[in-house]
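One-letter residues, chain by chain:
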Amino acid sequence: MIGLLQRVTSAQVVVDGAVVGAIDGGLMVLVCAEKGDTEKEADALLAKLLSYRVFSDEAGKMNRSVTDVAGGLLLVPQFTLAADTRSGTRPSFSPAAAPEDGKRLFDHFVRQARARHAIVATGQFGADMKVTLTNDGPVTFWLQTGPSK
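Note that the coordinates shown come from a computational prediction; the quantities given were computed from them, not determined experimentally. (Residues numbered from 1 in each chain as written. Predicted model: local features only at pLDDT ≥ 70, side-chain atom pairs only at ≥ 80, totals over all residues. Heavy atoms only, no water.)

**Considerations on the nonpolar core**
So the rule is basically this: Side-chain atoms within 4.5 Å are what join buried Ala, Val, Leu, Ile, Met, Phe, Trp, Tyr and Cys residues into a set we call a nonpolar core. When accessible area is computed with a 1.4 Å probe and restricted to protein chains, residues below 20% of their type maximum are described as buried, those above 50% as exposed, and intermediate ones as partly exposed. Secondary structure elements are defined from DSSP: runs of H or I of at least 4 residues count as helices, runs of E of at least 2 residues count as strands, and each element is numbered from the N terminus. Residues count as neighbours in contact if any of their non-hydrogen atoms are within 4.5 Å of one another.
Within the largest apolar cluster, 25 residues are counted, with the highest numbers of intra-cluster contacts made by Met1, Leu27, Val29, Leu49, Leu73, Leu75 and Phe109. Of all the secondary structure elements, the ones that give two or more residues to this core are strand E3 (26-32), helix H1 (39-51), strand E6 (72-77), helix H2 (99-116) and strand E8 (129-144). Sequence-distant contacts of Leu49, defined by excluding residues within four places in its chain, comprise Leu5, Leu27, Val29, Val66, Leu73, Phe109 and Leu143.

**Overview of the side chain of Arg7**
By the element assignment, Arg7 lies in strand E1 (residues 2-15). Setting aside residues no more than four positions away along its own chain, Arg7 makes contact with Gly26, Leu27, Val54, Phe55, Ser56, Met62, Thr134, Asn135, Asp136, Gly137 and Val139.

**Focus: H1**
In an α-helix, one turn spans 3.6 residues, which is why side chains three or four residues apart end up on the same side. Quick note on the threshold: One fewer than the residue count of a helix, multiplied by 1.5 Å, yields its expected span. The arc in question is the one traced by the directions running from the helix axis out to the C-beta atoms.
For H1, built from 13 residues, the straight-helix expectation of 18 Å at 1.5 Å per residue is met to within 8% by its first-to-last C-alpha distance of 18 Å. Restricting attention to buried positions, one finds in H1 the residues Glu41, Ala42, Leu45, Leu46, Leu49 and Leu50. In a view along the axis of H1, the buried residues occupy a sector of 160°, so they form one face of it. Contacts from the buried residues of H1 go to E1, E3, E6, H2 and E8.

Right under this line is the structure:
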């Protein structure tokens, strides 16, 4: 599983002109399942991102997690994160999980996030989404879990 997390002051997802998910301060996370990923990798990614220290403490050091600051989570499905871009000028998406597996793992990820965190909003799997955000910092991190990662 891949998570591209961005610390934001606000973020939202719009589908067909309607806001389907929005948060104020917190993390906007693009979430991608790769071939071979299971609920185990999804759970590991969630645990890592909930405890990943990207928010400042009193001394100005990134020493607090989204859980510590009670920030929002905006989870957005994004299969293109699995693209293989090593050759040519057109990405290959063969490393991405099949759509049915990707949806199952994203839905699991969201359920687990809602069970462990108070503020969770989402994008819509398979939709043409318009995502807007104000990146705070900017602060952006790539997290990846998997059997060989």
